[in-house]
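Chain and residue survey
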Amino acid sequence: MVENRPLADLVSHAILILGVAIVAFPVYLALVASSSDPTTIANGQLGLLPEGHLFENYWKVLFEGTERSTKQPMIVPLFNSLVMALIISTGKIAISLISAFAIIYFRFPFRHTAFWVIFITLMLPVEVRIYPTYKIVADLGLLNTYAGLTIPLIASATATLLFRQFFMTVPDELLEASKIDGAGPWMFFKDTLLPLSMTSIAAMFVIQFIYGWNQYLWPLLITTSDDMQTIVIGIQKMLYVTDALTEWQLAMATTILAMLPPVVVVVLMQKLFVKGLTETEK
């Protein structure tokens, strides 16, 4: 039984509010800066209240582009990042579901060895395999394509491990019942395992969507065309300009826009995300 202690509750809420304020204040400053004019920011006179250039700056970033750096509307990198994140997240989930299903429910030689080989890849940093992966993609002619951006990042040992652990908790009686009903492996997978896995799938989708959205190193290597750059690369190009002042109001507007899709995904799938990470038995 949890005791009702008003003082402890007050202290807990105060700590939580303080933590939220520390995390949210830089984001608020970015929002304020995105509503300012370049002179205000250049002179160091940025205030704590939004100014009157909010819609002007966001319209310019989305549909007109900057004047000194990328000179490209950010609607294209936003779309590229969205496509990349969706393909990576759905691809990782699909491949990991099938891999975990095969490892748990099929009896074939070295199946445990196959799982541990997949698991060991977690210990390999991306930088270790970045050159051979780039060489393969370049030889296949996949530079500046969605396939080159996404296919090398689709395989996921983390998702395979998560789904394997979940499938191990599914009662064997469900498999026996499916066999009695005449269901084959595919029907058992589609009609029984997939519905039971929805919360785990939702949790993995949130994690992998953010992973794909925040990719920096791989898109930086694989894309040379502005039409294929992602929003993270677009922000980097806006911040590093030569012989010109950074358009900070537009860079901050782009940063706020880049935050919105992951935030929307987390907010919409929050309950399923928490449920998928905390439930151990179905």
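Scroll up to find the structure this text is about.
Okay, so let's go over this structure. (Residues numbered from 1 in each chain as written. Predicted model: local features only at pLDDT ≥ 70, side-chain atom pairs only at ≥ 80, totals over all residues. Heavy atoms only, no water.)

Structural notes on the overall build of the protein
- Helices and strands together make up the secondary structure of the protein, namely 15 helices and zero strands.
- For 282 residues, the compact-globule estimate of 2.2 N^0.38 gives 19 Å, and the C-alpha radius of gyration of the protein, at 24 Å, exceeds that figure by more than 25%.
- By its C-alpha atoms, the protein is 75 × 65 × 30 Å across when sized along the principal axes.
- Scored against the burial criterion, the 282 residues of the protein give a buried share of 36%.
- As displayed, the protein offers around 16,700 Å² of accessible surface, 70% of which is attributable to carbon and sulfur atoms.
- Of the charged side chains in the protein, 16 are positive and 20 negative; the average position of the first set lies 8 Å away from that of the second. (Helix = DSSP H or I, 4+ residues; strand = E, 2+ residues; numbered from the N terminus. Rg over C-alpha atoms; globule rule 2.2 N^0.38 Å. Buried < 20%, exposed > 50% of the residue type's maximum accessible area, 1.4 Å probe, protein only. Areas by Shrake-Rupley, 256 points an atom, 1.4 Å probe, with all protein chains shown as cover. Lys, Arg positive; Asp, Glu negative; His and termini not counted. Charge placed at Lys NZ, Arg CZ, Asp CG, Glu CD.)

Here's the deal with the packing of aromatic side chains
- This model, assessed by the stated rule, comprises 13 aromatic pairs.
- Judged by centre distance (5.3 Å) and plane angle (75°), the rings of Y105 and F188 are edge-to-face. In this pair, Y105 is assigned in helix α4 (residues 75-105) and F188 in helix α10 (residues 185-196), connecting sequence segments 83 residues apart.
- For F188, a relative accessible area of 3% gives the class buried.
- Consider the rings of F166 and F167, whose centres lie 5.7 Å apart with planes at 55°: the pair is tilted. For the residue pair F166 and F167, the accessibility class agrees, reading buried in each case.
- Among the aromatic residues, those joined into a cluster by ring pairs are F101, Y105, F106, F166, F167, W186, F188 and F189. (Phe/Tyr/Trp six-rings, centres within 6.5 Å; stacked < 30°, edge-to-face > 60°.)

Digging into the pattern of salt bridges
- Throughout the structure, instances matching the rule amount to three salt bridges.
- Among the salt bridges present, the one from D191 reaches K190, with a minimum N-O distance of 3.0 Å.
- Since its relative accessible area comes to 42%, D191 is described here as partly exposed.
- With a relative accessible area of 35%, K190 lands in the partly exposed category. (Salt bridge = Lys/Arg side-chain N within 4 Å of Asp/Glu carboxyl O.)

Section: the environment of L257
- Residue position: L257 is located in helix α14 (residues 248-268).
- Between the alpha carbons of L257 and L62 there is a distance of 9.1 Å; along the sequence they are 195 residues apart.
- Other than its neighbours up to four places away in sequence, L257 contacts Y58, V61, L62 and L78. (Contact = heavy atoms within 4.5 Å.)

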